[in-house]
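Examining the three-dimensional arrangement
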Amino acid sequence: MRSGGLTAVRTANGYEISATAIEILRDRLESQRTLAGSPHPSITDDMGSVEEEVALLTQWCTLSAQPVFDLVTRWLATTYGDSCTVYLLSADGAWLQHVSSFNPDPIRRAELDAFHSSTPLRAAQAATDSALLEGRTVTHHHVDIADSVRLLTPRFAQYSDRLLVQSYISAPVKDRRGMVRGTVTLARFLGGQPFPDAVTKQVESMAAWN
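Residues numbered from 1 in each chain as written. Predicted model: local features only at pLDDT ≥ 70, side-chain atom pairs only at ≥ 80, totals over all residues. Heavy atoms only, no water.

To continue, consider the overall build of the protein chain. Along the backbone of the protein chain there are 8 helices and 8 strands. Put simply, 58% of the contacts in the protein chain that link residues at least 6 apart link residues at least 24 apart. Total accessible area computed for the protein chain in this model is approximately 12900 Å², and 54% of it derives from carbon and sulfur atoms. (Helix = DSSP H or I, 4+ residues; strand = E, 2+ residues; numbered from the N terminus. Contact = heavy atoms within 4.5 Å. Areas by Shrake-Rupley, 256 points an atom, 1.4 Å probe, with all protein chains shown as cover.)

The strand order 5-4-3-8-7-6 describes an open sheet built from 6 strands, whose pairing is antiparallel. Taken across any chain shown, the strands that pair with only one partner, and hence form the sheet edges, are strand 5 (121-122) and strand 6 (138-140). Across 6 bridges, the pairing between strand 3 (residues 83-89) and strand 8 (residues 180-189) is antiparallel. Bridge assignment links Tyr 87 to a residue of strand 8, and that residue is Thr 183. This element, helix 3 (residues 66-79), spans strand 3, strand 4 (95-102) and strand 8 of the sheet and lies at about 65° to strand 4. (Pairing = 2+ DSSP bridges. Axes fitted to C-alpha atoms, helices over the stretch in contact; angles between N-to-C directions.)

Okay, the environment of Ala 114 next. Inspection of the secondary structure puts Ala 114 in helix 4 (residues 106-118). Look at Ala 114 and you get partly exposed, because its relative accessible area is 31%. The spacing of Ala 114 and Phe 156 is 42 residues in sequence and 9.4 Å in space, taken between C-alpha atoms. (Buried < 20%, exposed > 50% of the residue type's maximum accessible area, 1.4 Å probe, protein only.)

On inspection of all chains with the given rule, the structure shows 1 salt bridge. As a salt-bridge pair, Asp 175 and Arg 177 come within 3.3 Å of each other at their nearest N and O atoms. With relative accessibility at 22%, the residue Asp 175 sits in the partly exposed group. Relative accessible area serves as the criterion here: at 71%, Arg 177 is assigned to the exposed category. (Salt bridge = Lys/Arg side-chain N within 4 Å of Asp/Glu carboxyl O.)

Okay, the side chain of Ser 90 next. Structurally, Ser 90 is set in the loop between strand 3 and strand 4. Of note is the side chain of Ser 90, whose polar atom sits 2.5 Å from the side chain of Asp 92. In this structure the side chain of Ser 90 is engaged in a polar contact, spanning 3.4 Å, whose partner is the backbone nitrogen of Ala 94. Ser 90 has contacts with Trp 95 and Gln 97, leaving out every residue within four places of it along the chain. (Polar contact = N/O pair within 3.5 Å; in protein donor to acceptor, adjacent residues only side chain to side chain.)

Attention shifts here to the confidence of the model for the protein chain. In the predicted model, the protein chain carries a mean pLDDT of 76, and the fraction of residues at 70 or more is 70%. When the criterion is pLDDT under 50, residues 39-47 qualifies, and its contacts beyond four places in sequence or with other chains add up to 8 contacts. (pLDDT = per-residue confidence, 0-100.)

Secondary-structure assignment places Ser 100 in strand 4. Taking relative accessible area as the criterion, Ser 100 reaches 3% and is therefore assigned buried. There is a polar contact of 3.4 Å between the side chain of Ser 100 and the backbone oxygen of Phe 69. There is a polar contact of 3.0 Å between the side chain of Ser 100 and the side chain of Thr 73. Each residue touching Ser 100, except ones within four places of it in the same chain, is listed here: Gln 66, Phe 69, Asp 70, Thr 73, Cys 84, Thr 85 and Val 86.

Below, the discussion takes up helix 4. A rise of 1.5 Å per residue sets the reference length of helix 4, with its 13 residues, at 18 Å; its end C-alpha atoms lie 18 Å apart and thus fit the reference within 8%. Every buried residue of helix 4 is listed here: Arg 108, Glu 111, Leu 112, Phe 115 and His 116. With its buried residues spanning 130° around the axis, helix 4 presents them on a single face. Residues of helix 4 that are exposed and point more than 90 degrees away from the buried face comprise Pro 106, Ile 107 and Ser 117. At its buried positions, helix 4 is contacted by strand 3, strand 4, helix 7 (160-163) and strand 8. Of the residues flanking the start of helix 4, the one acting as N-cap is Asp 105, its side-chain oxygen 3.0 Å from the backbone nitrogen of Ile 107. (Expected span 1.5 Å × (residues − 1). Arc of directions from axis to C-beta.)

Below is the structure:
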C-alpha cells in the first residue's frame, strides 16, 4: 500500500481494500511473472533481414508502434528513395496525421519535419487519397508539377526546388479487419529516377507489417 501497488482506503480502524483492487494486483503480478518467464531475444550485430527486425519489434514493442514506424521509414528511405513517411488517419478519417518520416539528407530531413509539423493534410486532398479510399497501392512515376506544388503551402514555396515530389509509391496500412488506417509513402524529388516494380512490392510488404 505504501508503494502505491495496492489501492486502499483509510478507515478509523486501519485500511479497507476492495476485492477489485486485490484482483487488479493479482493480474499485474501474474503478467510480470509471465514476462519474466519469456525468453528475451538476443541482440546481435547481425539481425538478419529487415522483415525479421520488424517482426521482433512488433512482438516486443507492445506499448507503442513508434519503433516499428521509425524502422520502416528509415530503412525504405535509406535503401530506395529520398524520403519515406508514415501517415495514419485521424479518428474521424478526415486528416492524415504524420507519425514518422526519414530522409538521409539531414538538411532536407529538417525541412520535411518542419513541413509535416506545420501543415495539416486532408485525406481527401492528399496525393495518396486513392490508396486510402480504395485500399490499394498507388505508384506515380512522373507527378505533375502543378499537383506537387499544390501540396506546398505558401510558407514552403521558397523550398519548392527541394521539396517538389517527382515520383512516389503509396501503400495502404490496414488493421486486422482490413480497414485502411493510413499509408506508407516513399517519394523521390525532382531529378530522381522512377521506382522499379520491385520497390513497389517492397513498400507493400513493409506497409503490411505496420
